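# Topology and contacts: notes
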Amino acid sequence: MTSWFLDPFHQEPLVIAADQASCHFQVRAATAADLIGVAQIIAESFHSQKGFWGWAFPLLRLGIYEDLRHRLASAAPHHMCLVAVDTTGGLADNLVGTVELGVRFNDAWTEVGRSFPYLSNLAVHPKYRRQGAASQLLIASEKIVREWGFEELYLHVLENNYQARQLYFKQGYRVHKVEPSWNIFFLKRSQQILLHKHLLAE
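Read on for an overview of the structure.

Okay, the overall build of the chain next. Check the secondary structure of the chain and you find six helices and eight strands. Expressed as a percentage of its 202 residues, the buried residues of the chain come to 43%. For the chain, the proportion of contacts with a sequence separation of at least 24, taken over those separated by at least 6, is 63%.

Here it is in C-alpha cells:
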C-alpha cells in the first residue's frame, strides 16, 4: 500500500497543477482512502447503469474496488495509480479523475521479450470533463514513465470513443495497431485501437 510513496523516483510528492475554466486540479498518487471514489469514477465511465447493467452496477463497482485494492497492496515496482483532485476553494479531497500505469511484457503488440509501459483506466467524473483533468493525468503519467526509464507509452481506446481519441491525438498519441476482435461480430462492440506515444526527454 505504501510502495507508491516509497518509489525511489518519487521521493517528493508528485503534484501537477492546472487551471482550466473555474477549476484548479492537482495530480497525486492515490491512497487507500481514495479507492471508493476511484472505483465509482471508473465504474461510471466504463459501465452503463441502464437496464440489467443498472442492477449489476454495484457489483461491477465492488469488483473494480477489490481489483484496485489488490493492486495497491501488491507493491509492484512499476505500478502507479494517480488521482486528480479539485482544489478549488480548498477541496483537497474532491476526486475528479484517475489513471493507472503499469508495465506489461511480451505479447503481440510489441517485440518478443520486450517490456513496455501501459496506461489504463483513464476516467474523469462527468461534471469535470473537458476542463483539463484528463490532460493533466496524461502529463503526469508520461513524467512517471520517463522516470522509470521508458521512452514510449501505450494505451487502448475504443474506435467509437471519439472524445477520447481526440484527446489522445491532441496529446501526441498515434495508432500502433487496430485490434481484431470477435466481439465486433458477436456482441456488436467497437474494436480497440492500440495507441502509442514516443516520449521526448524533458
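Looking now at the packing of aromatic side chains. Counted according to the given criterion, the structure contains three aromatic pairs. Between Phe25 and Tyr128, the aromatic rings sit 6.1 Å apart at their centres with planes inclined by 75°, giving edge-to-face as the arrangement. Within this pair, whereas Phe25 is found in strand β2 (residues 23-29), its partner Tyr128 is found in the loop between β5 (115-124) and α4 (133-148), the two being separated by 103 residues in sequence. With respect to burial, Phe25 and Tyr128 carry one shared label: buried. Taking 5.9 Å as the distance between ring centres and 70° as the angle between the ring planes, the aromatic pair formed by Tyr168 and Tyr173 counts as edge-to-face.

Looking now at the side chain of Asp34. Topologically, Asp34 is positioned in the loop between β2 and α2 (35-46). With relative accessibility at 7%, the residue Asp34 sits in the buried group. Not counting the four nearest positions on each side in its chain, Asp34 is found in contact with Arg28, Ala29, Val83 and Leu95.

Turning to the environment of His198, a few remarks are in order. Assignment of secondary structure puts His198 in strand β8 (residues 192-198). Considered as a pair, His198 and Tyr154 are 44 residues apart in the sequence and their alpha carbons are 9.2 Å apart. Excluding its chain neighbours within four sequence positions, the residues that come into contact with His198 are Glu151 and Glu152. Here the side chain of His198 touches Glu151 through a polar contact of 3.4 Å, landing on its backbone oxygen.

As a further point, take the pattern of salt bridges. Summed over the entire model, instances satisfying the criterion amount to five salt bridges. With a shortest N-O distance of 2.8 Å, Arg28 and Asp34 are connected by a salt bridge. Overall, Arg28 belongs to the partly exposed group, its relative accessible area being 23%.

Another point: the pairing of strand β6 (residues 152-158). Burial within β6 is extensive, with six of its seven residues counted as buried. The sheet contact formed by β5 and β6 spans two bridges and is parallel. Paired with Leu119 across the strands is Leu155, a residue of β6. Running through α4, the crossover from β5 to the neighbouring parallel element β6 is right-handed. Bridge count between β6 and β8: seven bridges; the pairing is antiparallel. For Tyr154, the partnering residue across the bridge sits in β8 and is His196.

The next subject is the nonpolar core. Among the nonpolar cores identified, the biggest contains 34 residues, and Leu82, Leu101, Leu119, Leu122 and Tyr168 are the most heavily contacted of them. Of all elements in the fold, only β2, β3 (80-86), β4 (94-105), β5, α4, β6, α5 (162-170) and β8 reach the threshold of two or more residues within this core. No other element matches the eight residues that α4 contributes to this core. Setting aside its immediate chain neighbours within four residues, Leu119 contacts Val99, Glu100, Leu101, Leu138, Ser141, Leu153, Tyr154 and Leu155.

Reading guide: rules and limits
Residues numbered from 1 in each chain as written. Predicted model: local features only at pLDDT ≥ 70, side-chain atom pairs only at ≥ 80, totals over all residues. Heavy atoms only, no water. Helix = DSSP H or I, 4+ residues; strand = E, 2+ residues; numbered from the N terminus. Buried < 20%, exposed > 50% of the residue type's maximum accessible area, 1.4 Å probe, protein only. Contact = heavy atoms within 4.5 Å. Phe/Tyr/Trp six-rings, centres within 6.5 Å; stacked < 30°, edge-to-face > 60°. Polar contact = N/O pair within 3.5 Å; in protein donor to acceptor, adjacent residues only side chain to side chain. Salt bridge = Lys/Arg side-chain N within 4 Å of Asp/Glu carboxyl O. Pairing = 2+ DSSP bridges. Right-handed = clockwise from strand over helix to strand, strands pointing away. Core = buried A, V, L, I, M, F, W, Y, C linked by side-chain atoms within 4.5 Å.

As far as function goes, none of this settles anything; it's purely spatial.
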